[in-house]
Structures are given as structure tokens and as C-alpha cells.
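Structural overview for review
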Amino acid sequence: EAAPGGAREGRELHFEILATIPFDSARKRMSVVARLPDGRIRVMTKGADSIVFGLRKAADDDAGMRLLEKHLDDFARDGLRTLVLAQRDLSASEYETWSRKWHDAETAASADRATLMALAAQDVESALTIVGATAIEDRLQDGVPETIAHLAKAGIKVWVLTGDKMETAINIGYSARLLEPDMYLVKMPAEGAAKDPGPRGDYGVAAQLDALETIVQTAAARAPGGAAASQTTPSPMGVSSSSGSVLDDAPSTTLPRPLLASSSGPAMTTTPPRAAPLPAASSSLSSLALVVEGATALEAIIGNPDLEDRFLRLASSCRAVVACRVSPAQKRLIVKLVKDAPQRQAKKTGNYVKAYCAFERPMTLAIGDGANDVGMIQEAQVGVGISGKEGRQAVNTADFAIAQFRFLKILLLAHGRRNYRRMSKVIIYSFFKNIVLTFVLFYFQSDCGWSGFSFYESWVYSGYNFFLGLLPFTMGFFDVDITDDTVDRFPRLYLAGLRRMDLNVTNTVYATFEAIAASLVIYYVVRETILRPRFIWHPHGKASDVWVFGTTVFVAMVAAMAGRAAL
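The sections below set out a description of the structure shown in this document. (Residues numbered from 1 in each chain as written. Predicted model: local features only at pLDDT ≥ 70, side-chain atom pairs only at ≥ 80, totals over all residues. Heavy atoms only, no water.)

1. Describing the overall build of the protein
Here is the rule: Under the DSSP-based scheme used, a helix requires at least four consecutive residues in state H or I and a strand at least two consecutive residues in state E, with every element numbered from the N terminus. Remark: exposure states derive from per-residue accessible area (1.4 Å probe, protein chains only) relative to the maximum for the residue type, with buried under 20%, exposed over 50%, and partly exposed in between. Here, residues are in contact when the closest pair of their heavy atoms is within 4.5 Å. Surface exposure here means Shrake-Rupley accessible area, sampled with a 1.4 Å probe, where a residue is shielded only by the protein chains that are shown.
Of regular secondary structure, the protein possesses 23 helices and twelve strands. Out of the 567 residues belonging to the protein, those deemed buried represent 40%. Taking the intrachain contacts of the protein between residues at least 6 apart in sequence as the baseline, contacts between residues at least 24 apart amount to 67%. As presented, the protein carries roughly 30300 Å² of accessible surface, and 58% of it is formed by carbon and sulfur atoms.

What follows is the structure, given as C-alpha cells:
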């Protein structure tokens, strides 16, 4: 506090913290109850504007609120992260009553504790007076744009899930090079519909998905330079979608407001300042970017199976997806939605084999640096935590830990690709050598009348995997097909893993037939060499024993498997 008279020296004030109401993903805010130096008891809250504005007193100055909202929008467009601050004074009796309720909630059984604490928090986090807002710059780490650009070139689809406002999220998307100037931004819900749930309560999302699906299907069906490009197709928005379609706008002005204002309102399109030819199928689908808001659109989508399927199909067609104003719980549900796509398709069609053997089975990786990212990191098949100033909660729950986001490129494109190829070779080789061993024993049993007689001496038989065990380890540790510089120059090489080029059914079947052929050659060539010209092996007329035959076959197998590994 500044000293009276404008003196530079201030006075030190002491606040007694009486209670702390922690942040959680459902409340999206945190509060402290403190005793001021003059003895008053005050609740001080900070949180997202969409939440705190709903807790304010109805008598607050509307003009002041509109000015604050304008400032928040300006901050968001500049890429700043915003929080709204509010407060409320409590009387001594109000605090005593609430303090007992809060203590009972904190000491309740673990099953009911979270619910009771949330109910107790609602008693004091209401009728708040808005104090102001804060805006801070959260700069990207070094190398983030280049890393995202490399991941996109490698065929990896990147989704950004953030709790920031839509304007801030879009600004971050451009800064991180996830969004490009030539992209067509599709916002969901439409501008103007975010404050009106509409008759269905879905903020016009269902009608907007109808329009978007039609446009995406039309763009996918067009051939560059073909006759379809000049035809006029019906539009769900009541306008002709030929050269004046909503996707015809110049990319810099494309869809600043989405396709439909609301599900109940009149159909609308954005009037472009200038028209451009509709992009060809290959370019239009690769130029779509979806920006979806969690507080409205995702609330309507998640939990509705039909909207979830349609949203997932649309998002999969887009080059980039940015989800803003999402809670930690919604982050986890979005990852689960993508991860469980085959199971959802199987339940819908009833064909579980086709769904689980689909070529484009998704593999999800979630990366985050804070406690609000823990849910999605645990939900994804691969979780990566970034250690830093946000704490170590994300690192402690992740499968991999890195110091900066830019190391994700090395983790995926270099180590990930290389380890995939190494593991593929080791797995197929292991199947190969064991199939050879099994089929050779099968051939011998057919020669000895299925008597169950042992073909190898016991120590020789047990040494098969011992002698050949070093080869898989060597392949796994030291096999390098291309250098790191080559991978950095050609990120598309990562597609070998995405498209399962090394470990798939075709390669496994081929290795199986190759192993059967190798076993036939090894056994019968040695058999004919030993058993027919017996006089060569034993000039005294004694027949060769089975141990000589078995050991010779064993040596041939080991030599053949070593040669196969060398290939």
C-alpha cells in the first residue's frame, strides 16, 4: 500500500489466510478466504471470464462490464492469457457458519469429499463483485513452430487443446505455425450462437455440422479441372455453392464467422470482399482448420454419440484442430474420443474384425506441462510430460519426460521411427527362427513314426535361443538405416510407422512362408546328405546315429538363422 502524501515508501500489510478453495476442472476457478488488516473477512476469486462473470452480482455496472469484456477481447487478440478477479466481503456470522461447513467437507470420507467441498465453495463464490482482469504473455518455447511444422510434414495430425479464449487460441495457433495464412478457419459454434443455445440446446452445432459435411463431401468429390468443378451443387444454407461458396473466400478472410449463426436463425454466409475459385479437392481438404469452443460446442457434442461421430469425421478431414476454453476433463474426453474410434465404429456396424483391423487405426500422443494436462496424458496411448515451471505433475504421470517441446521432434521422428523399425525386425526375426525350429522337429517326427523321440541332445536344444539370442539384441541396439540428418531433412520418412510398412500382416505371412521353405531346405538337404551315402561317414559299416544327424541339422539351422539376421 502506498504511503499517504505520495511518498515512495509503502506500508507492509499482513493478510491472514483462513481457507483456500483449490482449482478443479469443473469449477475452473480458485478462491482464498482471508482476514484483512482492518479485520474484515473477504473472499477473493480468480478464474476464467466465462465462469466468474456468471458469479457476479446482478447489480454490477453493465457499462463497466462491457468495457471489461472489450478489454479482455483485445488482450486475447494480442495472444495474452486472461483471468478475471472478483471479491466478496463476509460478515463474522457468515464466515463462522461457512467455516464449519467447509471443515466438515474437508474431513469427510474420500468418496463424498469432492462433492461436499464443491457445494461449500458455492456458498461463498456467489454474488461477487468484479474487480478487474489480468493479462499475461505466455511466450512459446524456442523451436515450437519448427517442431509442429516437422510433425505436420511427417503426416502427424496436431490438435491444440487449451483453456484460453478463442482469440488467444487462434493467435497461439498462428504463432506456433499450426495455422497457416492460407487456411480456411471454421469456428464452432458460429459467432452469435455462443450466447444462444437454440431450441435444441446445442448452440447450432448440429445444423453447422450438416453444412460442413456437405461442403467437405463436395470438395472431396471434385477432381481438379474436372467437370464437377464447374457444376452447381445444392447448399444446406439456401444458397448456390458454386463460385460463391463459403469456402470460396480468400484465405485471409475465410470464415471469420462460421457457416450458421444458430440452428434456429436464418441461414447465412459470409460475404467475401473478393471471390476466389473453389480449391481443388486435394487442396481444400488440406486447407481446413477447425476451431471449436469447449464451453459451448464441446459441451453439446460430448455425450451425444451422433454428434461425436460427425464431429470426429469432420475433425479428421481438417488439417489442424484447435479446441479453446476446454477444461482438463474435456481434454481427456477428446483424447478418449479419438482413441476409441475403432470401438465406436465396431459397435455401430457390428463388424468388430473390420474395425479393429482398419488401416487407419488412431494412435494418440498427449503432451503437456501442467497439472491440468494429467488427465489427457493418462488417457492417451503415449503420454509425454514437459518438466518446467508448471511443476512435475505431468512428468510424474507420463510415459516419457522431456525438458522442452522441441525435443518432441527428436523423440518421434528420430528415436520413435528408429525404434519402430528395430522392433519390427526383431519381432519378425523371432517368429522366423522359432517357426524353422518347430517345423524341423515336425519333419523328423514324420520320419520316426511320431514316436516322440528327441531329435537333439538336450544341451544342444536348449542352446538354440542362447546362440541366436545375441543377434536380436544387436539388431535392436545398433541397427541404423539412415542418419538423423536425413530424418530431419525428410520428415515424411516417419510415414513408415504410421502406415505400418515394416510390421504388418503381409510381412508376417511372407516371413512365415519363408521360414517354412527354409526349414524344408535345412532338414531334407542334411537328411539326404547323411543318410544316403552312409559309407562316407562310417567306412566300417556302422550306421550314423541320430545325434550326428540332429547336431548337423542344428548347426545348419544356426548358420542359416545367422545369415537371415545379417540380411
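Once you've had a look at it, read on.
2. Here's the deal with the pattern of salt bridges
If the charged atoms of two oppositely charged side chains come close together, the side chains can form a pair. The following threshold applies: The term salt bridge refers to a pairing of a side-chain nitrogen on Lys or Arg with a carboxyl oxygen on Asp or Glu at a separation within 4 Å.
Under the defined criterion, the tally for this structure stands at 28 salt bridges. Close ionic contact of Asp89 with Arg40 constitutes a salt bridge, the shortest N to O distance being 3.7 Å. In this pair, Asp89 is assigned in strand 4 (residues 80-90) and Arg40 in the loop between strand 2 (29-35) and strand 3 (41-47), connecting sequence segments 49 residues apart. The salt bridge involving Arg564 is made with Glu514; its shortest N-O contact spans 3.3 Å. Note that Arg564 is positioned in helix 23 (residues 546-566) and Glu514 in helix 21 (residues 505-531), a separation of 50 residues in sequence. Residue classification places Glu514 among the partly exposed residues on the basis of a relative accessible area of 27%.

3. Quick notes on a nonpolar patch on the surface
Note the cut-off: To count toward a patch, a residue needs a relative accessible area above 30% and no salt bridge. Like charges then connect within 9 Å, nonpolar side chains (Val, Leu, Ile, Met, Phe, Trp, Tyr) within 5 Å.
A cluster of nonpolar side chains, namely Leu470, Phe473, Phe477 and Phe478, defines an oily patch on the protein surface of about 540 Å² accessible area. For Leu470, the position within the fold is in helix 18 (residues 464-478). The class for Leu470 is exposed, based on a relative accessible area of 59%.

4. What about the pairing of strand 3?
Using the following cut-off: The rule for pairing is simple: two strands pair if DSSP sees at least two bridges between them.
Here strand 3 lies mainly inside the structure; five of its seven residues are buried. Relative to strand 3, strand 2 runs antiparallel, the two sharing seven bridges. Counterpart to Val33 in the pairing with strand 3 is Val43. Hairpin connection between strand 2 and strand 3: a loop of five residues separates the two successive antiparallel strands, and Gly39 in this loop has a positive phi of roughly 100°.

5. Comments concerning the packing of aromatic side chains
Filter applied, for reference: Ring geometry is summarised as follows: Phe, Tyr and Trp rings, the Trp one being its six-membered ring, pair when their centres sit within 6.5 Å, and such pairs are stacked at plane angles under 30 degrees, edge-to-face over 60 and tilted between the two. Either the NZ atom of lysine or the CZ atom of arginine qualifies as a charge over a ring when it sits within 6 Å of the ring centre and within 35 degrees of the ring normal.
Per the stated rule, a full pass over the model turns up 15 aromatic pairs. Relative to Tyr443, the ring of Phe442 has its centre 6.1 Å away and its plane inclined at 70°; by these criteria the two rings are edge-to-face. According to the relative accessible area criterion, Phe442 is partly exposed, its value standing at 45%. A ring pair is formed by Phe455 and Phe549, whose centres lie 5.2 Å apart and whose planes are at 75°; its orientation type is edge-to-face. Of this pair, Phe455 sits in the loop between helix 16 (407-447) and helix 17 (458-462) while Phe549 sits in helix 23, placing them 94 residues apart in sequence. Its relative accessible area of 6% is what places Phe549 among the buried residues. Members of the aromatic cluster, each reached through a chain of ring pairs, are Phe439, Phe442, Tyr443, Phe444, Trp450, Phe455, Tyr456, Tyr464, Tyr523, Tyr524, Phe549 and Phe554. Taking NZ or CZ as reference, Arg564 lies 4.7 Å from the ring centre of Phe432, over its face.

6. Let's talk about the nonpolar core
Side chains that are nonpolar tend, in soluble globular proteins, to be buried together. Convention followed: As used in this record, nonpolar core signifies buried Ala, Val, Leu, Ile, Met, Phe, Trp, Tyr and Cys residues forming a set joined through side-chain atoms within 4.5 Å.
Residues Met188, Leu290, Val292, Leu298, Phe311, Leu314 and Ala323 are the most contacted members of the largest nonpolar core, which totals 34 residues. Contributions of two or more residues to this core are made by strand 7 (184-188), helix 7 (205-221), strand 8 (288-293), helix 9 (294-301), helix 10 (305-317), strand 9 (320-324), helix 11 (328-339) and helix 14 (374-379). In this view, Ala323 contacts Val160, Leu161, Thr162, Val292, Leu298 and Ile334; residues no more than four positions away in its chain are not counted. The next biggest cluster of nonpolar side chains, apart from the first, holds 30 residues, and it includes Leu151, Leu178, Met183 and Leu411.

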